[in-house]
Amino acid sequence: AFWSCSELTSITIPNSVTSIGGGAFWSCSELTSITIPNSVTSIGGGAFAHSGLTSVTIPNSVTFIEGGIFAGCTGLTSVTIPNSVTEMQGEVFLGCSGLTSVTLSENMTYIGERTFKGCTSLNTVIIPDGVTYIYESAFKGCFNLTSISIPEGVTNIGDSVFFYCNSLTSVSIPSSVTSIGDCAFSYCFALTSVNIPEGVTSIGGDAFSYCSALTSINIPEGVTSIGNSAFYDCDGLTSVNIPEGVTSIGNNAFSSCSSLTSIKVDADNPIYDSRDNCNAIIETCSNTLIAGCQNTAIPNTVTSIGDYAFAHCSSLTSVNIPEGVTSIGGYAFYGSDLTSV
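This text gives an overview of the structure that appears in the document. (Residues numbered from 1 in each chain as written. Predicted model: local features only at pLDDT ≥ 70, side-chain atom pairs only at ≥ 80, totals over all residues. Heavy atoms only, no water.)

## Remarks on the overall build of the protein chain
Step number 1: When helices and strands are counted, the protein chain shows zero helices and 26 strands.
Step number 2: Principal axes of the C-alpha set define a box for the protein chain whose edges measure 85 × 35 × 25 Å.
Step number 3: The buried share of the protein chain, taken over its 341 residues, is 49%.
Step number 4: Sequence separation of 24 or more characterises 22% of the internal contacts of the protein chain that already satisfy a separation of 6 or more.
Step number 5: For the protein chain, the accessible area works out to roughly 13500 Å², and carbon and sulfur atoms hold 46% of it.
Step number 6: For the protein chain, the distance from the average site of its 5 positive side-chain charges to the average site of its 26 negative ones is 5 Å. (Helix = DSSP H or I, 4+ residues; strand = E, 2+ residues; numbered from the N terminus. Buried < 20%, exposed > 50% of the residue type's maximum accessible area, 1.4 Å probe, protein only. Contact = heavy atoms within 4.5 Å. Areas by Shrake-Rupley, 256 points an atom, 1.4 Å probe, with all protein chains shown as cover. Lys, Arg positive; Asp, Glu negative; His and termini not counted. Charge placed at Lys NZ, Arg CZ, Asp CG, Glu CD.)

Below you can see the structure in the form of structure tokens.
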């Protein structure tokens, strides 16, 4: 209705209005504040997107907020979503680079995709206890987010949820979580510790890649799969223990972990082993070494070195390949600092 009214500075919405439609004030760049009457129960997608809003009060009458209503509102600094809101779709604050704090409705059950993506000033957000699912890219690129508490009840951390949150130093994952998505914590350069609960069964590809400050990781017994490049370039990681239940480990899972000195596989694991205390992961049935580190001693029983097995292992300067090895996979020693073979 008022799309791109670039000189509109103020508007009065009467109490007879019950709904604000999608894109109603889209790109009203001079509209800095608005009063939403208590008669309004729903706000449509992109209603105030790319407007000049610096503050807004959402009344308790609102129960439903469609996606992207404040997307691109770079002057918006803080927002409170009232407890009357039971559903808020994705991209609500997408690209709100000036947003520093948000109070969410206690009755929300999920955080939609890309809800806070690109909120580069956001440092405070409290996830309500009722939330059970955090969708993809929800906090992607929130550079100033230093810590976050994920409540008990959340079962899934979606793909790229905390991607490039490079000020995030710690995160506590509740015991209710069963899966960590692809790139969930990728490029969290400041992340020093993370507790993966026992209920987690899968760790996605690149889940913790480039977490260069991460010094230790506990992979719980319930995990069955570790995705491609899951811990790629975790320079501070010194040791890895693979539990009994892991049946799938992707390429490059521990590549470029230059400080890694110890790799152990549980003796009861039926798929992988670390025979002869070799500090490596070997696929048992094929005798293929799939992941090694600077302290790896390749056992004589190994017949194959897998793709990317020592890729980007910058601390590896020499390697002894035993007589039994008949094949060496692609990029097996790519990017290492080998001086002798």
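## Regarding the environment of Y187
Step number 1: With respect to the helices, strands and loops of the structure, Y187 is situated in the loop between β15 (179-180) and β16 (193-195).
Step number 2: Sequence-wise, Y187 and F163 are 24 residues apart; in three dimensions their C-alpha atoms are separated by 6.1 Å.
Step number 3: Not counting residues within four places of it along the chain, the set of residues in contact with Y187 comprises F163, Y164, C165, N166, S209 and Y210.

## Considering the packing of aromatic side chains
Step number 1: Within the structure shown, the criterion is met by 25 aromatic pairs.
Step number 2: Consider the rings of F163 and Y164, whose centres lie 5.9 Å apart with planes at 65 degrees: the pair is edge-to-face.
Step number 3: What makes F163 buried here is its relative accessible area of 17%.
Step number 4: Aromatic rings pair up to connect F2, F25, F48, F70, F93, F116, F139, F162, F185, F208, F231 and F254 into one cluster.
Step number 5: A cation sits over an aromatic face here: K140 above F163, 4.8 Å from the ring centre. (Phe/Tyr/Trp six-rings, centres within 6.5 Å; stacked < 30°, edge-to-face > 60°. Lys NZ or Arg CZ within 6 Å of the ring centre and 35° of its normal.)

## As for unusual backbone geometry
Step number 1: The residue N287 is not glycine, and still its phi comes out positive at about 55 degrees.
Step number 2: Residue placement: N287 occurs in the loop between β23 (281-283) and β24 (288-291).
Step number 3: Despite not being glycine, H312 has its phi angle at roughly 60 degrees, a positive value.
Step number 4: Looking at the secondary structure, you find H312 in the loop between β25 (304-305) and β26 (327-328).

## Some words on the sheet that holds β25
Step number 1: Strand order in this open sheet of five strands is β22-β23-β24-β25-β26, and the pairing throughout is mixed. In this open sheet, the two edge strands, each paired with only one partner strand, are β22 (272-273) and β26.
Step number 2: The pairing of β25 with β26 spans two bridges and is parallel. Of the residues in β26, the one forming a bridge with S304 is S327. (Pairing = 2+ DSSP bridges.)

## Some words on the nonpolar core
Step number 1: Residues F70, F93, F139 and F185 are the most contacted members of the largest nonpolar core, which totals 90 residues.
Step number 2: Going through the elements one at a time, β19 (239-242) and β21 (262-265) are the ones with two or more residues in this core.
Step number 3: Non-local contacts of F139, meaning those with residues more than four positions away in its chain, are made with I111, F116, V125, I127, I134, L145, I148, V161, F162, F163 and C165.
Step number 4: Counting 15 residues, the second-largest nonpolar core is a separate cluster that includes C278, I305, A309 and A332. (Core = buried A, V, L, I, M, F, W, Y, C linked by side-chain atoms within 4.5 Å.)

## What about the sheet that holds strand β7 (residues 87-88)?
Step number 1: Strand order across the open sheet formed by four strands is β1-β3-β5-β7, with parallel pairing between neighbours. If you trace the sheet from one side to the other, it starts and ends with β1 (19-20) and β7, each paired once.

## What to know about the pattern of salt bridges
Step number 1: Summed over the entire model, instances satisfying the criterion amount to three salt bridges.
Step number 2: Among the ionic pairs, R114 bridges to E91, the shortest N-O distance being 2.6 Å. Note that R114 is positioned in the loop between β9 (110-111) and β10 (124-126) and E91 in the loop between β7 and β8 (101-103), a separation of 23 residues in sequence.
Step number 3: Residue classification places E91 among the partly exposed residues on the basis of a relative accessible area of 27%.
Step number 4: The residue D273 makes a salt bridge to R275 at a minimum N-O spacing of 2.9 Å.
Step number 5: The class for R275 is buried, based on a relative accessible area of 17%.
Step number 6: Here the salt bridges share partners, and the residues they tie into one network are E91, R114 and E136. (Salt bridge = Lys/Arg side-chain N within 4 Å of Asp/Glu carboxyl O.)

## As for the pairing of β19
Step number 1: Here β19 shows one buried face, formed by V240 and I242, and one open face, formed by S239 and N241.
Step number 2: Bridge count for β19 against β21 is four bridges, and the pairing is parallel. Paired with S239 across the bridge in β21 is S262.

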